[in-house]
Amino acid sequence: MSNEHQHTHDGHPNDGAVHVHIHDVKLYLGIFFALMILTIVTVLASLVDIDGFIRPGTPHGTGGINFLLAMAIATFKATCVITWFMHLKDDTRFNALFFLGSLVFAGVFFVYTGNDTYYRQREDSIQGQYVHPSTGERAPGGLLVNGQPCMNPNTGAVVPAYCLSYYCSPTDSAEAPGTCQDSPAHEEGAEHGAHGEAAHEGGEAAAHEGAAEAAPAH
Amino acid sequence: MASVEQAHEDAHHGPKWLQHHFDTPIQQFESAKLGMWLFLAQEILFFSGLFVAYGLVRLSFPDAFAAGSAQLNRYMGGLNTVVLLLSSLTAALAVRSAQLGKKDEVSRYLIITILCAFGFMVIKFFEYRLKFEHGLLPGTYWHPHLANAPDHMHVFFGLYFMLTGLHGVHVVIGIGVLGWIWMRNNRGDFSKEYWTPVDLAALYWHLVDLVWIYLFPLLYLI
């Protein structure tokens, strides 16, 4: 053992034993009381309708300021618990890196999923049109066969998703892209397609409702 | 002959709590802590699924969430928050006492932590009972005894039961873990040199508290 390894960088003897800085009970009590006060503050703050005050007419609980304030208080409480109760301040920085990394990835999860959900009802100029399975009406976001939406050759309507594998198999000929074999058993599908076509022309509102209903079902 | 050699080898390697694949106690300690923090990182991601679902559904149906939250008792939730914060304090103090080698103090603090955990579950029981009485149940069992329930209020309660239910499962697991550590402490497994399991169990318990610190404002204080 050479001399320069007698002590670690934070002054502890480098004898292989575990050395920790033991905090006073007062520190833990102090953090606890701070957490108590913050809890009381957050409950009281929730009783005050800040959004209703700033922007009168905002339905209770739907504005952003109360939410952000509650989250800020919660984050401060969490930081106190993590730093002092969980000793992350005294720990090697590597552990903090892992923990904060998990928060980063949770954030990526939220942002990505949020972006995807937010744009779900928009028309997609690249993908084309996609059809609601039960009503046959068009919904934004597309499914393409040979570069075009899968069309029912009888009605010319876009094929519902549950019929896709029958109407448009990947082995379609290149001469008639997007069209495929017919079958008497699928005349019902054709009728659905016709209804879908009419409903779609009825208005986009129906498509929005369909998509919104699909959201809680998932 | 072989057993004598074995005994020599053990005597040279170190104390009995130092596992054979670690050279020094500090190496074992740092590995254990890293492993625990990795597990906690996983727990964050574990809960993140439900939190992201909450976030996106709340953005879509803010009025349903406000109405659902109004059905919850924020003071019962606040009491639960206080109970868990107290348990976090006693868990941290248990670790401190273990670092000082004070076995009886460790035992006392762990008992208080476990009692707080039970208290949390008792308050939760009374809360759930209120929900059941008012018909505010998850999924297909939704039959609210309310006049003008907004359209998607059942989604709020689906998330409420999943979030608090999953958290409650973690509390029960925590009771088991803390109880096991209490038994080990009772047996004399820990000392000023070795208290790592107490530290790790407390870290798990702090995470349970952390999740609740966020659940409380998200569910009760809308």
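Residues numbered from 1 in each chain as written. Chains lettered and ligands numbered in written order. Predicted model: local features only at pLDDT ≥ 70, side-chain atom pairs only at ≥ 80, totals over all residues.

Participant: Give me the lowdown on the overall build of chain A, citing residues and values where you can.
Facilitator: The helix and strand inventory of chain A stands at seven helices and four strands. Taken from N to C terminus, the helices and strands of chain A fall in the order α-α-α-α-β-β-β-β-α-α-α. Across the 218 residues that make up chain A, the buried fraction comes to 22%. (Helix = DSSP H or I, 4+ residues; strand = E, 2+ residues; numbered from the N terminus. Buried ≥ 20, exposed ≤ 12 C-beta atoms within 10 Å, placed from the backbone.)

Participant: I'd like a rundown of the overall build of chain B, residues and numbers included.
Facilitator: Along the backbone of chain B there are seven helices and zero strands. Ordered by position in the sequence, the α and β elements of chain B form the string α-α-α-α-α-α-α. Since a compact globule built from 222 residues should have a radius of gyration of about 17 Å, the 22 Å found for chain B marks it as more spread out than a globular shape. Taken along the three principal axes of its C-alpha coordinates, chain B extends 80 × 30 × 25 Å. By the burial criterion, 42% of the 222 residues in chain B qualify as buried. Of the contacts formed within chain B by residues at least 6 apart in sequence, a portion of 76% connects residues at least 24 apart. (Rg over C-alpha atoms; globule rule 2.2 N^0.38 Å. Contact = placed C-beta atoms within 7 Å.)

Participant: For the environment of Asp 199 of chain B, give the residues involved together with the corresponding values.
Facilitator: Locating Asp 199 of chain B in the fold gives a position in helix 7 (residues 196-220). It is 13 Å that separates the C-alpha atoms of Asp 199 of chain B and Leu 40 of chain B, two residues lying 159 residues apart in sequence.

Participant: How would you explain the interface of chain B and chain A if you had to name every residue and give the values?
Facilitator: Taken together, the contact between chain B and chain A spans 47 residues of the former and 45 residues of the latter. Counting only elements with at least two residues in the side of chain B that touches chain A, the list comes to helix 2 (25-60), helix 3 (62-70), helix 4 (74-99) and helix 7 of chain B. Element by element, the count of residues in the side of chain B that touches chain A is highest for helix 2 of chain B, at 17 residues. Its residues placed into classes, the side of chain B that touches chain A shows 29 nonpolar, eleven polar and seven charged. (Nonpolar A, V, L, I, M, F, W, Y, C, P; charged D, E, K, R; others polar.)

Participant: Would you mind going over the packing of helix 3 of chain B against helix 6 (residues 153-187) of chain B in detail, with residue names and values included?
Facilitator: All names here are of chain B. Running from amino to carboxyl end, helix 3 crosses helix 6 at an angle of 60 degrees, the nearest separation of the two axes being 8 Å. Classed by the angle they form, the pair helix 3 and helix 6 counts as oblique. Crossing of helix 3 over helix 6 shows right-handed handedness. Contacts between helix 3 and helix 6 involve Ala 64, Phe 65, Ala 67 and Gly 68 from the first element and Met 153, Val 155, Phe 156, Phe 157 and Tyr 160 from the second. Residue composition of the contact of helix 3 with helix 6, grouped by class: eight nonpolar, one polar and no charged. (Axes fitted to C-alpha atoms, helices over the stretch in contact; angles between N-to-C directions. Parallel < 35°, antiparallel > 145°, perpendicular 65-115°, else oblique. Left-handed = near helix turned anticlockwise from the far one by under 90°.)

Participant: Residue-level account of helix 4 of chain B, with values.
Facilitator: Residues and elements named next belong to chain B. For helix 4, with 26 residues, the first-to-last C-alpha span of 37 Å sits near the 38 Å given by 1.5 Å per residue. Counting buried positions along helix 4 yields 20 of 26 residues, so the element is predominantly enclosed. Backbone geometry just downstream of helix 4 places Gly 101 in the positive-phi region, at approximately 75 degrees. (Expected span 1.5 Å × (residues − 1).)

Participant: For the packing of helix 4 of chain B against helix 7 of chain B, give the residues involved together with the corresponding values.
Facilitator: Residue and element names in this part refer to chain B. Interhelical geometry of helix 4 versus helix 7 gives an angle of 160 degrees and a closest axis separation of 9 Å. When the axes of helix 4 and helix 7 are compared, the pair comes out roughly antiparallel. For the pair helix 4 and helix 7, the sense of crossing is left-handed. Within the contact between the two elements, helix 4 uses Arg 74, Gly 77, Thr 81, Leu 84, Leu 85, Ser 87, Ser 88, Ala 91, Ala 92, Ala 94, Val 95 and Ala 98 and helix 7 uses Val 198, Asp 199, Ala 202, Trp 205, His 206, Asp 209, Trp 212, Phe 216 and Tyr 220. Looking at the contact of helix 4 with helix 7, its residues break down into 13 nonpolar, five polar and three charged.

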